[in-house]
Structures are given as structure tokens and as C-alpha cells.
Amino acid sequence: MEINKDLILQMYDRMMEIRKFEERAMDLFTRDKIRGSMHLYIGEEAVATGVCFALNKDDYIVSTHRGHGHCLAKGARIDLTMAELLGKATGYCKGKGGSMHIADLETGNLGANGIVGGGLPIAVGAALSARLQKNNKVAVAFFGDGASNQGTFHESMNLASAWKLPVLFVCENNLYGITVPFSEASAIKDVAVRARAYNMPSVIIDGNDVLEVYKTAKEAVEKLRKGEGPMLIEAKTYRHMGHYTGDPQIYRTKEEVEEWKKKDPIKRLRCYILENNIATEEELAVREKRVDDVIDQAEQFALNSPEPDAADLLNDVFA
Ligand SMILES: Cc1ncc(C[n+]2csc(CCOP(=O)(O)OP(=O)(O)O)c2C)c(N)n1
């Protein structure tokens, strides 16, 4: 599959936006502008970007506690996302969702989810609604290797396959569930083999290669739209940062982190672009500067936005 040059550059921009958005979010966090904690996606940008570029705007996604990347990759506005992280009234969920619970129905994002494995059944429900409404939409469930040990994963895989629903299961295997290596919590080496138990095709890919992610997702989504049933993609990747913003990271070595940083998906795409004469250093610098400006504006928008009104505290909240 040939990917046109313009699309490659757009994917580069999107990955840069996610990376710089999160670096700025971390900066705001250390300045006490963001409360609670955050789970950063830095290092995993190629997965969300490659998959979401293979989707239509109105296709559904469900996201995880590490959800900023999915949200932006699906096309959410950077300023409204930043405002949500700061708990401002202008944010996507009027400041009540915060980092872990952003939803944006305009772009089909049914929500990040603090419950590990909590998004998977929602994706199956969304796919069922697409089937019943015959609108040809697909649903993508992003989840981690840790979530694949949850009952919701198995129930969702089973039902989606039994009913041949248009769900793409995307496992972002970054090797750890908080501090626990996947290898210590699981009897299998690869999550992908679990699809066999549900009579579902699966594939293992390099999650740090956005072009491979895009091609695999594009082919999978075409099959889903033809009614061929669900599929599982296991994208091998790594998070550069700790599990959450205060993680002392004593469960992994600095050498391991450095090894994976050499496989940084953004640097890798940058090299590919230069080596294949898709753009010059100067052209990339202009694009990177544009991203910096967008992030600056988003930060200013978020900082200048009003706090939610206390009278709205219980509005739009369901339990
Ligand atoms: C149902 C549930 N159990 C436990 C937790 C605590 N918890 C938060 S993140 C996490 C690990 C998730 O690992 P993984 O799914 O691999 O995602 P990653 O953090 O690696 O992206 C756990 C156990 C939770 N939030 N929800």
C-alpha cells in the first residue's frame, strides 16, 4: 500500500502535536496548573495516530486512562483538550472530565476511561449500534496489555466475534501494567494469541512505526466495513515516562528506557521523511514551529478560561 507524501506529513504533524501537547501538560502540572495526576502517552504516539488516520471522523473510538493521544489523534481541538486538563469551563467536558475522562462526540470519541478495561464493552456496544443503524461505522477499542487480563477484554472479544461486529481491538502493549511487567502477570508472551480463542484474526506489529500501524489499521477497517467481523492488533510500544506523573520508576532500568528512546516513533518518522525526500530539514522546522505556536495558543486559552461555576457541579454528571 502506497501512502501519499502529504498524508505522511500530516501524521508527522499529529504526532508532534501529541508529543508537544503532553510536554506542555507536564510543564503545567509541575506549575500546579493541573490537579490530580496524569498518565502520559509520550513514546506511543504512532499507535493512536496510525489507527485514527485510518478512520473516518464519525467512526467511534474508546480510550484509556492514557488518553490524550487518542483524543488528539481522532481530531479533537488542542485548546479545548488543554482547557479540560486544567479543569476549565471551556474544556470538552466543562472541566469535569479532566485528563482521564475526556469525551468528544463530534469526533466519535466516546471517552477516555479510568477503569482499566472499561472501554472495551463500550466499543462493542457502539459497534452494535452501528450494525443496527446500518451506518457503516466502525468502533476502535484502545487498551493496554494490563487491560487484556481483565474479564471485560474476554467478554468483549467473545461477543464481538460471535456477532461479527465491526470492532477493531487495538492493544497498546507497552510492556507494563503500572509496575508489573506483562511477562510476570500473564502466561503468554503476546496478547495477540488470545484472539484465537475467539476465532478472531490478530496481528502483531511494530507500534513505533506509524506507517506500519496505518497500513495495518487501514486494511483491518476495510474488512470490518465489509462485515468480516472484528480483529485484534497488538502494537508493541513503550512509554518513555513513568506510569503516572509521580512514578519513581524503580521497576525498570534506565538502560531499558534509553534503548526504547532510540526507537522513538517521531524521530523515526522524521528520518524516513528526510531520507525519502518527502520534506527538507527547513520545511520540517517550519511545521514544528507551527505546532509550538498552536500549543502556546492552547495554553493561553486554557489559562485564561474561567473556572466552572459551582452551581453547575452536578449538571451532566451521572452515577
Ligand atoms: C478496574 C481497574 N483495576 C485497576 C486499576 C488500577 N490501574 C490503573 S492503570 C493500571 C494498569 C494498566 O495497564 P495497561 O492496561 O497495560 O495500560 P498502560 O498503563 O500500560 O497504558 C491499573 C492496574 C484501575 N484503574 N481499574
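Rules used in this analysis
- Residues numbered from 1 in each chain as written.
- Predicted model: local features only at pLDDT ≥ 70, side-chain atom pairs only at ≥ 80, totals over all residues.
- Heavy atoms only, no water.
- Near = heavy atom within 4 Å.
- Polar contact = N/O pair within 3.5 Å; in protein donor to acceptor, adjacent residues only side chain to side chain.
- Areas by Shrake-Rupley, 256 points an atom, 1.4 Å probe, with all protein chains shown as cover.
- Nonpolar A, V, L, I, M, F, W, Y, C, P; charged D, E, K, R; others polar.
- Pairing = 2+ DSSP bridges.
- Helix = DSSP H or I, 4+ residues; strand = E, 2+ residues; numbered from the N terminus.
- Axes fitted to C-alpha atoms, helices over the stretch in contact; angles between N-to-C directions.
- Contact = heavy atoms within 4.5 Å.
- Expected span 1.5 Å × (residues − 1).
- Buried < 20%, exposed > 50% of the residue type's maximum accessible area, 1.4 Å probe, protein only.
- Core = buried A, V, L, I, M, F, W, Y, C linked by side-chain atoms within 4.5 Å.

Caption draft 1: Seen up close, the site of the ligand. Taken together, 15 residues form the shell around the ligand, and within it H65, R66, G114, G146 and Y176 come nearest. The contact in question runs from an oxygen atom of the ligand to an N or O atom on the backbone of G146, over 2.7 Å. Taking N174, its side chain carries an N or O atom lying 2.9 Å from an oxygen atom of the ligand. In the complex, the protein chains occlude 71% of the 580 Å² of accessible area that the ligand would expose alone. Each residue belonging to the shell around the ligand can be placed in one class, and the counts come to five nonpolar, eight polar and two charged.

Caption draft 2: Region of interest: the sheet that holds strand 6 (residues 202–206). As summarised here, the arrangement of the five strands in space is 1-2-3-7-6, forming an open sheet in which the pairing is parallel. In the strand order of this sheet, the two ends are held by strand 1 (60–62) and strand 6, each with one partner. For this sheet the average axis-to-axis angle between neighbouring strands, irrespective of direction, equals 20°. For strand 3 (residues 167–173) and strand 7 (residues 231–236), the ladder comprises six bridges, and the chain directions are parallel. What sits directly across from L168, in strand 7, is M231. Together, strand 1, strand 2 (139–144) and strand 3 form the strand contacts of helix 5 (residues 119–133), whose direction differs from that of strand 2 by roughly 170°.

Caption draft 3: Structural context of helix 11 (residues 281–304). Along its 24 residues, helix 11 runs 35 Å from first to last C-alpha, staying within 8% of the 34 Å computed at 1.5 Å per residue. Buried within helix 11 we find L284, E288, V291, I295, A298, E299 and A302. The elements touched by buried residues of helix 11 are helix 1 (5–30), helix 4 (78–85) and helix 10 (265–275).

Caption draft 4: Region of the structure containing the environment of H68. Structurally, H68 can be placed in helix 3 (residues 68–73). Accessibility expressed as a relative area gives 0% for H68, which makes it buried. In this structure the C-alpha to C-alpha distance between H68 and L132, which are 64 residues apart in sequence, comes to 30 Å. Those residues within four positions of H68 in sequence are excluded, and the remaining contacts are F21, E22, M38, H39, L40, L85 and S99.

Caption draft 5: Looking closely at the nonpolar core. Among the nonpolar cores identified, the biggest contains 64 residues, and L168 and I273 are the most heavily contacted of them. Considering every element that reaches this core, the biggest residue donor is helix 1, with twelve residues. In contact with L168, other than residues within four places in its own chain, are A139, V140, A141, A217, A220, V221, L224, M231 and I233. Counting 24 residues, the second largest nonpolar core, distinct from the first, contains A126, F143, F153 and M200.

Caption draft 6: Quick peek at the environment of E172. Inspection of the secondary structure puts E172 in strand 3. Sequence separation between E172 and V191 is 19 residues, and the spatial gap between their C-alpha atoms is 9.8 Å. Setting aside anything within four residues of it in sequence, one finds E172 in contact with Y41, E44, V47, A48, H70, F142, F143, G144, D145, A235 and T237.

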